[in-house]
Amino acid sequence: TTKHRLLRCHIGNKTSHLFEGLKESLEEDVERNSEVLGRDATFKQISKIEKLPGYLAVQMVRFRWKAAESVKAKILKSI
């Protein structure tokens, strides 16, 4: 169990409400070195919120990396 006081709201094409962005940020793919497999493996990490603190900061993640153009792009979608 880890304690976080900051949640990130990832804004994507499917995101139209705050809870959708928070749900997306709680489910993420993590790449780690697996000793059993002897190579890097991708794991799906799912976090859950047990209890909310009195104050919680939400960071709106509005930048994505465009690999095709090698630039940072700002997402101008209202949430």
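For the structure itself, look to the data block above.
Residues numbered from 1 in each chain as written. Predicted model: local features only at pLDDT ≥ 70, side-chain atom pairs only at ≥ 80, totals over all residues. Heavy atoms only, no water.

For the rest of this paragraph, the subject is the pairing of strand S6 (residues 71–74). For strand S5 (residues 63–66) and S6, the ladder comprises four bridges, and the chain directions are antiparallel. Looking at S6, one finds that Lys66 is bridged to Val71. (Pairing = 2+ DSSP bridges. Helix = DSSP H or I, 4+ residues; strand = E, 2+ residues; numbered from the N terminus.)

Residue position: Ser34 is located in strand S2 (residues 27–34). Leave out the neighbours within four places in its chain, and Ser34 touches Arg39 and Ala41. (Contact = heavy atoms within 4.5 Å.)

Our next topic: unusual backbone geometry. Residues other than glycine seldom take positive phi values, yet Ser70 does so here, at roughly 55 degrees. Here Ser70 is to be found in the loop between S5 and S6. In this structure Ser70 comes out as partly exposed when scored by relative accessible area, which is 48%. (Buried < 20%, exposed > 50% of the residue type's maximum accessible area, 1.4 Å probe, protein only.)

Right, let's talk about the side chain of Ser25 for a bit. Positionally, Ser25 belongs in helix H1 (residues 18–26). Accessibility expressed as a relative area gives 15% for Ser25, which makes it buried. There is a polar contact of 2.8 Å between the side chain of Ser25 and the backbone oxygen of Leu22. Setting aside chain neighbours within four positions, we find Ser25 in contact with Arg8 and His10. (Polar contact = N/O pair within 3.5 Å; in protein donor to acceptor, adjacent residues only side chain to side chain.)

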